[in-house]
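Overview (structure and organization)
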Amino acid sequence: MKPIIKSEKAQKWVNVVLCAMMIFFCLGFCSSNKSLYLTAITEALDIKRSAYSLATSCRFVTTSVINMFFGALVYKFGSKKLILAGFVCLIGSVLLNSVATNVVTFCVSEALSGIAFSWSGTAMVGAIVNRWCKENTGTIMGAVLSANGIGGAIAAQIVTPIIYQEGNPFGYRDAYRLIAILLTVTALVMLVLFRDKSREEINSQTAKVKKKYRGRAWVGITFKDARHTAYFYGAAVCIFLTGMSLHAKGAIASAHMLDNGMSPEFVALVASISSLSLTGTKFLSGFLFDKLGLRKTISICCVSAVIGMFLLAFMTNSPIGKVSGIAYAIFSALALPLETVMLPLYAGDLFGQKAYNKMMGLFISINTAGYAVGGPFINFGFEKFGSYTPMLIILGCIMIAVLIGMQFVITSAHHVRDIVMAKAEEEGLAEN
């Protein structure tokens with residue numbers, strides 16, 4: 001198929017907009033508000049929350065495994081084919097959710113969505129933005145991924161009345177069918193307008209990047225060398241714990257508020273405020289990365305995560321509790337870029353361009369492995385304590401440890417970066 005858009009500059013911005021649209025529908029409608037379905041599905045089908053959370057863990061296990069091969073898959077098939085395959089898997093997933101009657105079917109559905117989010121989620125956006133936008137990468141990445149927040153806010157208002165229809169415990173099935181239609185339309189738009197860069201264009205662009213060290217872009221180290229650094233494993237542990245903690249909190253936030261007597265309308269309001277705030281905080285995190293660097297940006301996000309955990313833990317159905325709920329929505333949104341925008345930026349800042357796609361895929365894989373553990377972890381705690389409050393306090397303490405650990409990781413990584421860049425500059429002077 002001949003490209004519809006002839007100008008490469010125009011195609012760059014079309015691809016950026018298409019990526020934002022993909023995130024709007026795929027993550028905004030299919031991921032951001034998962035906790036809204038928890039109470040409805042478990043009550044309608046009489047399934048334990050811990051059993052259902054094990055089914056959703058299939059999604060994250062699948063994403064974790066697929067993302068380990070993300071770099072090789074993109075190189076072999078290209079972005080467009082993987083994106084379209086991701087849409088097919090996601091449509092299949094939501095349709096299965098609309099007819100599922102047991103945990104096994106939900107496991108299959110969530111596994112399909114895990115494949116889908118590997119190919120039409122954060123990793124793919126990271127690869128496309130890094131390929132097409134070598135300047136202001138963090139700001140553009142944040143802007144694209146912020147579409148998740150807008151999509152989540154709109155989705156919360158659309159699907160909540162459908163899920164909780166009066167007299168219909170299976171209203172969530174109608175919500176899933178509506179989402180399937182929206183995904184199909186989006187996939188058709190991607191099919192017509194999206195274009196990959198050729199391998200020749202990629203190689204040419206990579207060569208240019210290796211000759212210049214503007215901002216925080218640097219040539220990087222090989223994946224083999226990275227595996228021999230202590231900070232690689234430190235970053236991996238921190239990313240795993242971040243994914244586990246933030247996903248566990250997000251997976252039960254709505255259910256926790258409902259358990260504490262909040263009305264479905266207030267819970268939907270909190271979800272919408274959080275999603276709308278996320279729109280701004282994802283863009284803000286990318287912008288702050290470009291202006292302030294990695295250390296200050298993740299420190300802001302980690303502190304926000306800790307505050308959000310404790311606000312949610314002690315929330316009650318009272319005027320003060322409702323104010324806490326609004327504050328929680330904002331702080332939660334400030335923390336969430338740690339599991340989206342920051343992952344591709346970790347790969348570039350800590351390890352550079354040489355193994356960017358492989359490192360990014362691995363980091364997202366580790367993050368989603370944390371997701372797989374987070375859901376069962378907090379729901380088993382709920383069954384033990386009869387409340388999510390003790391588990392939220394534990395997660396807040398874990399995020400304090402992550403904040404401290406990442407300071408050592410960044411210091412070590414930047415020390416290596418300075419050595420590599422100094423050596424590259426010396427080689428450049430020698431050639432001249």
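The structure under discussion appears in the preceding block.
Residues numbered from 1 in each chain as written. Predicted model: local features only at pLDDT ≥ 70, side-chain atom pairs only at ≥ 80, totals over all residues. Heavy atoms only, no water.

1. Comments concerning the packing of helix α9 (residues 147–163) against helix α14 (residues 264–292)
Between α9 and α14, the least distance of the axes is 6 Å, while the angle of their chain directions is 165°. What the angle tells us is that α9 and α14 run roughly antiparallel. As for how α9 packs across α14, the hand of that crossing is left-handed. The segment α9 lies against α14, with Asn148, Gly149, Ile150, Gly152, Ala153, Ala156, Gln157 and Thr160 engaging Pro264, Ala268, Leu269, Ala271, Ser272, Ser275, Leu276, Leu278, Thr279 and Lys282. Its residues assigned to classes, the contact of α9 with α14 comprises nine nonpolar, eight polar and one charged. (Axes fitted to C-alpha atoms, helices over the stretch in contact; angles between N-to-C directions. Helix = DSSP H or I, 4+ residues; strand = E, 2+ residues; numbered from the N terminus. Parallel < 35°, antiparallel > 145°, perpendicular 65-115°, else oblique. Left-handed = near helix turned anticlockwise from the far one by under 90°. Contact = heavy atoms within 4.5 Å. Nonpolar A, V, L, I, M, F, W, Y, C, P; charged D, E, K, R; others polar.)

2. Things to note about the nonpolar core
Counting 130 residues, the largest nonpolar core has Leu183, Tyr346 and Phe363 as the members making the most contacts within it. Counting residues per element, this core draws most heavily on helix α13 (residues 230–259), which supplies 13 residues. Once you skip the residues sitting within four places of it in the chain, Phe363 turns out to touch Phe232, Ala235, Ile239, Leu343, Tyr346, Ala347 and Phe351. (Core = buried A, V, L, I, M, F, W, Y, C linked by side-chain atoms within 4.5 Å. Buried < 20%, exposed > 50% of the residue type's maximum accessible area, 1.4 Å probe, protein only.)

3. Structural notes on empty space enclosed by the protein
Under the defined criterion, the tally for this structure stands at five cavities of 30 Å³ or more. A volume near 890 Å³ is recorded for the largest cavity. For the largest cavity, the lining is made up of 48 residues, of which Ser31, Ser32, His247, Gly250 and Glu339 are closest to its centre. Elements that contribute at least two residues to the lining of the largest cavity include exactly α2 (34–45), α3 (49–67), α6 (103–119), α7 (122–132), α13, α14, α16 (319–335) and α18 (356–385). When residues of the lining of the largest cavity are assigned to their parent elements, the largest contribution, eight residues, is made by α13. Considered class by class, the residues forming the lining of the largest cavity number 20 nonpolar, 23 polar and five charged. (1 Å grid on protein atoms, 1.4 Å probe; cavity = no way out; pocket = protein on both sides within 12 Å on 5 of 7 lines; lining within 4 Å. Points joined across faces, edges and corners; volume = space filled by probe spheres on them.)

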